[in-house]
Amino acid sequence: MIDPELLPFLAFWDAAWAAAPPVATIADRRARIESLAAGLRPALPDGLVEEERIAAHAGRSVRVRVFRRTGDTDAPCLVFLHGGGFVMGSPETHADIAIVIARDAGWTVVSVDYALAPERPFPAGFDDVGTALDWVRASAAGLGVRADAVAVGGDSAGGNLAAAICLARRGAPSAPVGQLLFYPAVDTGSSRPSYVENGDGPIITSAGVRGTWSTYCPDESLWRDPRVAPLLAPDHAGSPPAFVAVAEHDPLRDDGRAYADALRAAGVPVAFRPGTGLIHGHLRAMSYCAAARAELAAACDWLRILAPR
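So, here is what we can say about the structure in this document. (Residues numbered from 1 in each chain as written. Predicted model: local features only at pLDDT ≥ 70, side-chain atom pairs only at ≥ 80, totals over all residues. Heavy atoms only, no water.)

1. Here's the deal with the overall build of the protein
Working step 1: For the protein, the helix and strand inventory stands at 10 helices and 8 strands.
Working step 2: Computed over C-alpha atoms, the radius of gyration of the protein comes to 18 Å, within 12% of the 19 Å expected from 2.2 N^0.38 for 309 residues, which places it in the range of a compact globule.
Working step 3: Seen along its three principal axes, the alpha-carbon backbone of the protein occupies a region of about 50 × 45 × 35 Å.
Working step 4: Looking at the protein residue by residue over its 309 residues, the buried ones come to 56%.
Working step 5: Of all intrachain contacts in the protein linking residues separated by at least 6 positions in sequence, the fraction that spans at least 24 positions is 77%.
Working step 6: Summed over its atoms, the accessible surface of the protein is roughly 11700 Å², and 55% of this surface lies on carbon and sulfur atoms.
Working step 7: Treating the 28 positive side-chain charges of the protein as one cloud and the 35 negative ones as another, the clouds have centres 4 Å apart. (Helix = DSSP H or I, 4+ residues; strand = E, 2+ residues; numbered from the N terminus. Rg over C-alpha atoms; globule rule 2.2 N^0.38 Å. Buried < 20%, exposed > 50% of the residue type's maximum accessible area, 1.4 Å probe, protein only. Contact = heavy atoms within 4.5 Å. Areas by Shrake-Rupley, 256 points an atom, 1.4 Å probe, with all protein chains shown as cover. Lys, Arg positive; Asp, Glu negative; His and termini not counted. Charge placed at Lys NZ, Arg CZ, Asp CG, Glu CD.)

2. Re the layout of surface pockets
Working step 1: Put simply, the largest pocket is a space of about 700 Å³.
Working step 2: In terms of lining residues, the largest pocket is bounded by 30 residues, among which G84, G85, M88, I203 and I204 are the most central.
Working step 3: Of all the secondary structure elements, the ones that give two or more residues to the lining of the largest pocket are α1 (7-18), α2 (26-40) and α8 (206-216).
Working step 4: Among the elements that line the lining of the largest pocket, the one with the most residues is α8, at 5 residues. (1 Å grid on protein atoms, 1.4 Å probe; cavity = no way out; pocket = protein on both sides within 12 Å on 5 of 7 lines; lining within 4 Å. Points joined across faces, edges and corners; volume = space filled by probe spheres on them.)

3. A short note on α1
Working step 1: For α1, with 12 residues, the first-to-last C-alpha span of 16 Å sits near the 16 Å given by 1.5 Å per residue.
Working step 2: When we look at burial in α1, the residues that qualify are F9, L10, W13 and A16. The buried residues of α1 occupy an angular sector of 130 degrees when the element is viewed end-on, so they sit on one face. With respect to the buried face of α1, the exposed residues turned more than 90 degrees away are A15 and A18. (Expected span 1.5 Å × (residues − 1). Arc of directions from axis to C-beta.)

4. Things to note about the environment of P274
Working step 1: If you trace the backbone, P274 turns up in the loop between β8 (270-273) and α10 (290-306).
Working step 2: P274 sits in the partly exposed class, given a relative accessible area of 38%.
Working step 3: Sequence separation between P274 and V150 is 124 residues; the distance between their C-alpha atoms is 26 Å.
Working step 4: The residues touching P274, leaving out its near neighbours within four places in the chain, are V246, A247, E248 and R257.

5. Description of the packing of aromatic side chains
Working step 1: Under the counting rule described, the total for this entry stands at 12 aromatic pairs.
Working step 2: Look at F122 and Y216: their rings are 5.8 Å apart centre to centre, the planes differ by 70 degrees, and that puts the pair in the edge-to-face class. Of this pair, F122 sits in the loop between β4 (108-112) and α4 (124-138) while Y216 sits in helix α8, and the two are 94 residues apart along the sequence. Neither residue differs from the other here; F122 and Y216 are each classed as buried.
Working step 3: Among the aromatic side chains, those forming a connected cluster through ring pairs are F9, F12, W13, W17 and Y288. (Phe/Tyr/Trp six-rings, centres within 6.5 Å; stacked < 30°, edge-to-face > 60°.)

Geometric descriptors of this kind do not, in isolation, establish any biological role.
The structure is reproduced here in structure tokens:
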């Protein structure tokens with residue numbers, strides 16, 4: 001059963017999207033998600049600062065927003081990657097998540113405005129994540145963060161990018177120290193039971209997930225590349241510790257669970273959250289649902305253990 005506290009949120013969400021044009025363009029959808037998120041965003045708490053920066057490294061650059069405690073000089077840092085099906089979303093749409101992490105975990109959050117499909121399909125977004133990660137390490141002193149305590153995290157499509165960069169950087173000096181994954185999209189297939197059980201959503205559908213992969217990575221010959229489908233990597237050994245949170249009523253549920261299992265089988269420490277009663281995108285509903293707030297609180301607890309202040 002879906003958590004009853006989520007029902008008012010779903011009514012709000014469905015009504016907002018029902019008001020969209022009958023044939024909404026990607027630009028329409030992007031504008032709507034920005035507007036919806038602005039209405040859900042809390043005020044920036046006292047003691048936190050937010051600023052926009054350009055993360056430039058090795059000839060590439062990407063816009064980021066930085067959320068941090070005032071006066072911090074040696075904070076751990078989370079490079080955060082927003083969800084949105086690889087086609088929409090921004091640091092602004094996920095500012096509420098960044099604010100809670102900065103406030104409650106005490107980590108500086110660098111939220112990345114990575115390239116979106118279809119204009120810039122894979123590997124553009126993945127490459128932007130690498131640029132942001134390298135910039136954070138190179139700029140650690142100026143950012144007031146610890147170069148030896150940089151993790152990555154994200155939700156949905158952002159969880160995909162976080163898992164993918166962790167696999168790609170294994171064994172490198174720039175390897176993240178941890179990965180924070182909320183209902184991640186980690187497999188281009190759709191054969192697990194949750195795709196049938198939750199095929200019609202809410203929030204996302206199984207058919208929509210399949211279409212998302214085609215938009216993000218039009219070249220299907222790359223669909224088994226671990227940079228696209230992290231679950232399909234032949235080996236997950238050497239990945240950093242992971243926090244993996246899924247949602248019971250989500251087509252992606254079993255993919256996320258399978259990813260947690262694959263990491264554990266490779267000897268990677270995993271904190272797993274089954275998301276009982278929750279839906280895909282439940283962090284969007286934190287202002288409505290205590291269980292959704294508890295999931296992010298658990299993530300903050302995990303981050304504090306991963307790199308104590």
